[in-house]
Amino acid sequence: MDSLEQRLSECSPTYGMDPLEARSLIQLMRLMAHLPPPPDPFGLFPRYGLLRQSFLEAIEMGDWKGIEGSFLALYSHLHCYRPPYTVKERASVLASGGYLCHAGGLSPVLKAGPHLDTDSVSLDLGAGNGLQGLFLQFLYPHRRSIQVEISARLLEAGRLLGSWMGLPDAAMEWVCADLLEVVIPRAHFVYLYRPLRPEGPGLSFYKRLAHSLRNSPVGTVVFSVADCLSPHLPSSFKLFYDDGHLCCFRNE
Ligand SMILES: C[S@@+](CC[C@H](N)C(=O)[O-])C[C@H]1O[C@@H](n2cnc3c(N)ncnc32)[C@H](O)[C@@H]1O
């Protein structure tokens with residue numbers, strides 16, 4: 001444990017949080033405190049330096065609420081709230097009515113640990129710049145992390161973030177595609193945050209995804225934020241966690 005990790009551990013509350021999740025959170029904080037500002041060819045992170053400075057100052061002060069708040073601000077900024085869609089991409093996103101690049105938050109990332117091992121393949125359907133998958137790969141190194149996203153520039157930004165974080169290229173697969181058309185890759189851990197409205201063409205995506213999970217191995221896990229998938233999931237998928245934001249299902 002280095003001195004920063006020790007300092008963060010001492011500041012973090014000793015109650016109310018799962019110890020494994022607390023450990024993962026501290027690993028992410030430590031990563032972000034150590035890394036220099038990210039490569040930014042598309043001008044997506046104009047406030048990164050400022051927000052990182054506030055985060056470092058909060059660590060210096062040793063106040064957990066300040067540390068947590070400033071870290072979340074840094075995460076949200078890096079996630080990229082205003083996606084640099086082309087005109088065509090924006091028209092497709094608006095037509096299928098999903099959420100734009102809203103951040104799924106850290107809780108899915110922190111809760112994923114027990115469901116990923118070195119042989120796992122994870123999949124984010126509508127990945128934005130892939131920050132969720134990059135964090136998963138950093139915290140729980142696994143065979144491959146597949147990111148499917150309609151925005152080519154977000155994916156390119158994500159690829160650069162992967163190198164910035166020191167992740168092996170081979171562990172990350174970047175698929176620029178429209179979810180309405182893509183052949184859904186097989187994965188042990190499927191993550192999505194309402195990429196499409198569950199009506200019209202969007203509804204057919206959720207049905208197709210559910211169908212592709214029909215013959216998945218026992219133990220396959222789905223994390224669905226603002227869940228639209230569960231009405232279509234095969235009955236072998238059982239809900240094991242629901243906090244009103246994130247629903248988690250396992251194929252039993
Ligand atoms: C709510 S964000 C989720 C981002 C990330 N997965 C997370 O949880 O933080 C939904 C993402 O789906 C993408 N998206 C929307 N429509 C899409 C489509 N038709 N094909 C592929 N991606 C799409 C958006 O660009 C956006 O990045």
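Quantities reported herein were computed from a predicted structural model and do not represent experimental measurements.

Trainee: Just to check I follow, could you spell out the side chain of S122 for this structure?
Mentor: Mapped onto the fold, S122 is located in strand 1 (residues 121–125). If we skip the residues at most four places from it in the chain, S122 touches L116, H142, R144, S145, I146, A187 and F189.

Trainee: It is not clear to me how the site of the ligand should be interpreted in this structure. Could you clarify?
Mentor: In the region of the ligand, 24 residues are neighbours, and H79, Y85, G126, E149 and Y191 sit closest. A distance of 2.8 Å separates an oxygen atom of the ligand from a polar atom in the backbone of G104. A distance of 3.3 Å separates a nitrogen atom of the ligand from a polar backbone atom of I150. For the ligand, the accessible surface in isolation is 600 Å², of which the surrounding protein chains cover 100%. Looking at the shell around the ligand, its residues break down into 14 nonpolar, 7 polar and 3 charged.

Trainee: Looking at this structure, how should I read the sheet that holds strand 7 (residues 246–251)?
Mentor: In a beta sheet, neighbouring strands pair by backbone hydrogen bonds and run either parallel or antiparallel. Taken in spatial order, the 7 strands make up an open sheet running 3-2-1-4-5-7-6, and their pairing is mixed. Every other strand in the sheet has two partners, leaving strand 3 (172–176) and strand 6 (237–242) as the edge strands with one partner each. Neighbouring strand axes in the sheet, compared pairwise and without regard to direction, differ in orientation by 15° on average. Two elements, strand 1 and strand 4 (residues 189–193), share 4 bridges in a ladder whose sense is parallel. If you follow D124 over to strand 4, its bridge partner there is Y191.

Trainee: Mind showing me how you'd approach the pattern of salt bridges here?
Mentor: Two side chains of opposite charge can pair, provided their charged atoms sit close to one another. Taken as a whole and assessed by the stated rule, the structure comprises 8 salt bridges. A salt bridge links R30 to E5; the nearest nitrogen and oxygen atoms lie 3.7 Å apart. Taken as a pair, R30 in helix 2 (residues 19–34) and E5 in helix 1 (residues 3–11) lie far apart in primary sequence, 25 residues in all. Note on E5: relative accessible area 13%, which makes it buried. Here R250 ties to E252 by a salt bridge, and the two come within 3.3 Å at their closest N and O atoms. Given the relative accessible area of 54%, E252 is considered exposed. When salt bridges with common partners are traced through the structure, they connect D2, E5 and R30 into a single cluster.

Trainee: Can you help me understand helix 9 (residues 200–212) in this one?
Mentor: Owing to its 3.6 residues per turn, the α-helix aligns residues three or four sequence positions apart on the same side. The end-to-end C-alpha separation of helix 9 is 19 Å, in line with the 18 Å expected for 13 residues at 1.5 Å each. If you check which residues of helix 9 are buried, you get G202, F205, Y206, L209 and A210. In a view along the axis of helix 9, the buried residues occupy a sector of 130°, so they form one face of it. Relative to its buried face, helix 9 has exposed residues pointing more than 90 degrees away, namely G200 and H211.

Trainee: It is not clear to me how unusual backbone geometry should be interpreted in this structure. Could you clarify?
Mentor: For residues that are not glycine, phi is negative in most cases, and the peptide bond is trans in most cases. One non-glycine residue, R194, adopts positive backbone phi at about 30°. Counting through the fold element by element, R194 comes out in the loop between strand 4 and helix 9. Classification of R194 as buried rests on a relative accessible area of 15%. Positive phi outside glycine occurs at A226, with the angle close to 50°. Mapped onto the elements, A226 comes out in the loop between strand 5 (221–225) and strand 6. The class of A226 is partly exposed, set by a relative accessible area of 27%.

Trainee: How should I be thinking about the environment of G162 in this particular structure?
Mentor: Structurally, G162 can be placed in helix 8 (residues 152–164). Note on G162: relative accessible area 5%, which makes it buried. Sequence-wise, G162 and L131 are 31 residues apart; in three dimensions their C-alpha atoms are separated by 8.6 Å. Not counting residues up to four positions away in its chain, the partners in contact with G162 are L134 and L167.

Trainee: How should the pairing of strand 5 be read in this particular structure?
Mentor: If a strand is regular, its side chains alternate between the two faces of the sheet. The element strand 5 is extensively covered by neighbouring structure, given that 5 of its 5 residues are classed as buried. Here strand 4 runs beside strand 5; their pairing, made up of 5 bridges, is parallel. In the strand pairing of strand 5, F189 is matched with V221. Viewed along the sheet, the connection from strand 4 through helix 9 into strand 5 turns out right-handed. Bridging between strand 5 and strand 7 involves 5 bridges; their strand directions are antiparallel. Along strand 7, the bridge assignment pairs V222 with F249.

Definitions and cut-offs
- Residues numbered from 1 in each chain as written.
- Predicted model: local features only at pLDDT ≥ 70, side-chain atom pairs only at ≥ 80, totals over all residues.
- Heavy atoms only, no water.
- Helix = DSSP H or I, 4+ residues; strand = E, 2+ residues; numbered from the N terminus.
- Contact = heavy atoms within 4.5 Å.
- Near = heavy atom within 4 Å.
- Polar contact = N/O pair within 3.5 Å; in protein donor to acceptor, adjacent residues only side chain to side chain.
- Areas by Shrake-Rupley, 256 points an atom, 1.4 Å probe, with all protein chains shown as cover.
- Nonpolar A, V, L, I, M, F, W, Y, C, P; charged D, E, K, R; others polar.
- Pairing = 2+ DSSP bridges.
- Axes fitted to C-alpha atoms, helices over the stretch in contact; angles between N-to-C directions.
- Salt bridge = Lys/Arg side-chain N within 4 Å of Asp/Glu carboxyl O.
- Buried < 20%, exposed > 50% of the residue type's maximum accessible area, 1.4 Å probe, protein only.
- Expected span 1.5 Å × (residues − 1).
- Arc of directions from axis to C-beta.
- Right-handed = clockwise from strand over helix to strand, strands pointing away.

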